[in-house]
Amino acid sequence: DAQAQSVYQPLHKKKISYETIMIKTMVSVIKKLDIKNFLDLGSFMGYYACFVSKYFNKDLNIYAIESNPIYANYIKKTLIENNFRNIEIINEILSNKEQKLFVHKEGVYNTNITNKKIQEKKSITLDKICKDKKINPELIKIDVHGAEGKVLLGSKDVLQNLTKVILLELHTTKYIEKFSDGSNRKEIIEYLISLNFKCYLISSFREFEKSIELQEKFNSNKKFQYIEIDMLNYDQIFFDRDQNDQFIFACKNNIDIKSFDCF
């Protein structure tokens, strides 16, 4: 895939990882909480799912959920090429209700925005997928191109009763409004807090790979910076942070963020 090559190949040549802060956090969570079931929502090329399968040589159930059938097929080829046996690919469109939608590249649209004939498909909630497949998603990574508002609303039972930690790529207001039917960042954070999650902004998410100074700082103390978000400080934290995606670490109230070795 040309787009994936443009993202990953330059990093490979420089011998650096993609989205390093989230990757290191994910590794820390899986080790500390002894995670057995990992969901990669918006899997794209399966980067996170394949990383977990390769890094942890133990009995882990990994689910790569991807809406685009072309991308899901690429993941399938990767599993065959690398002999990954503990990843299940689920080609479904996640939403808060069942509705007819169209997939184009990373986006999920209410109408066909292209001149091409693309497949119309009914969406499904994560709650239904997990119930039907008997999945217990303790750890969920979410990168759904602005549809996180709809995806989270369709995951209420799972989030309330099963999930311990969410690694959320929170997109810009523009994308969330477009792909989550007018929702916004603040509503998403408020929703997670209502489900007994503590939400933290993890700093330098996008800048880390570009900054040698940030990498050296982490290597010297092995800790990422964070700040807890609540409805009182939300506006102060996000007033100038809407130009880039942000990494939100959400954990259940009984989990101490300081217990993870990356914080």
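Everything below is about the structure printed above this text.
Reading the values: the criteria
- Residues numbered from 1 in each chain as written.
- Predicted model: local features only at pLDDT ≥ 70, side-chain atom pairs only at ≥ 80, totals over all residues.
- Heavy atoms only, no water.
- Buried < 20%, exposed > 50% of the residue type's maximum accessible area, 1.4 Å probe, protein only.
- Helix = DSSP H or I, 4+ residues; strand = E, 2+ residues; numbered from the N terminus.
- Arc of directions from axis to C-beta.
- Polar contact = N/O pair within 3.5 Å; in protein donor to acceptor, adjacent residues only side chain to side chain.
- Contact = heavy atoms within 4.5 Å.
- Phe/Tyr/Trp six-rings, centres within 6.5 Å; stacked < 30°, edge-to-face > 60°.
- Salt bridge = Lys/Arg side-chain N within 4 Å of Asp/Glu carboxyl O.
- Pairing = 2+ DSSP bridges.
- Axes fitted to C-alpha atoms, helices over the stretch in contact; angles between N-to-C directions.

**So, helix α9 (residues 185–194)**
Consideration 1: Within α9 the residues assigned to the buried category are R185, I188, I189, Y191 and L192. On an axial view of α9, the arc spanned by its buried residues comes to 160 degrees, and they lie on one face.
Consideration 2: Its side-chain oxygen at 3.1 Å from the backbone nitrogen of K186, N184 defines the N-terminal cap of α9.
Consideration 3: Taken from the residues just after α9, N196 is the one with a positive phi, measuring 70 degrees.

**So, the environment of L79**
Consideration 1: In this structure, L79 sits in helix α4 (residues 69–82).
Consideration 2: With a relative accessible area of 10%, L79 lands in the buried category.
Consideration 3: Expressed as a C-alpha distance, the spacing of L79 and S53, which sit 26 residues apart in the sequence, is 9.8 Å.
Consideration 4: Not counting residues up to four positions away in its chain, the partners in contact with L79 are C50, F84, I87 and I89.

**Digging into unusual backbone geometry**
Consideration 1: Positive phi, close to 60 degrees, is recorded for K15, a residue that is not glycine.
Consideration 2: Mapping K15 onto the fold places it in the loop between α1 (2–14) and α2 (20–33).
Consideration 3: You can call K15 exposed: its relative accessible area is 76%.
Consideration 4: With a phi close to 55 degrees, K222 is a non-glycine residue in the positive phi region.
Consideration 5: Note on K222: relative accessible area 46%, which makes it partly exposed.

**With respect to the packing of aromatic side chains**
Consideration 1: The tally for this structure, following the rule as stated, stands at 19 aromatic pairs.
Consideration 2: Look at Y109 and F179: their rings are 5.2 Å apart centre to centre, the planes differ by 70 degrees, and that puts the pair in the edge-to-face class. Linking Y109 in strand β5 (residues 107–109) with F179 in helix α8 (residues 173–179), this pair joins segments that are 70 residues apart in sequence. One exposure class covers both Y109 and F179, and it is buried.
Consideration 3: Here F205 and F247 contribute two aromatic rings whose centre-to-centre distance is 5.7 Å and whose plane-to-plane angle is 50 degrees, an arrangement assigned as tilted. One end of the pair, F205, is in the loop between β9 (197–202) and α10 (212–221); the other, F247, is in strand β11 (residues 246–252), and 42 residues separate them in sequence.
Consideration 4: For F205, a relative accessible area of 2% gives the class buried.
Consideration 5: An aromatic cluster of three or more residues is present, and its members are Y200, Y226, F249, F260 and F263.

**A few points about the pattern of salt bridges**
Consideration 1: Throughout the structure, instances matching the rule amount to 14 salt bridges.
Consideration 2: In this structure, E98 and K122 form a salt bridge, with 3.5 Å as the shortest nitrogen-oxygen distance. Here the residue E98 occupies a position in the loop between β3 (87–90) and β4 (100–104), and K122 occupies one in strand β6 (residues 120–122), the gap between them amounting to 24 residues.
Consideration 3: Among the residues examined, E98 registers a relative accessible area of 59% and is labelled exposed.
Consideration 4: Overlapping salt bridges, with partners in common, bring together E19, E169, R206 and D245 in one network.

**Let's talk about the sheet that holds strand β1 (residues 37–41)**
Consideration 1: Ordered by their spatial adjacency, eight strands build an open sheet running β3-β2-β1-β7-β8-β11-β9-β10, and the pairing between neighbours is mixed. Two strands bound the open sheet, and with one partner strand each, they are β3 and β10 (226–229). Strand-to-strand twist in this sheet, taken as the mean axis angle between neighbours without regard to direction, amounts to 20 degrees.
Consideration 2: Two strands pair when backbone bridges link them, and β1 and strand β7 (residues 139–142) are joined in this way by four bridges, in the parallel orientation. Bridge pairing in β7 places D40 opposite K141.
Consideration 3: Packing against the sheet, α9 makes contact with β8 (165–170), β9, β10 and β11, and its axis sits at approximately 175 degrees to β8.

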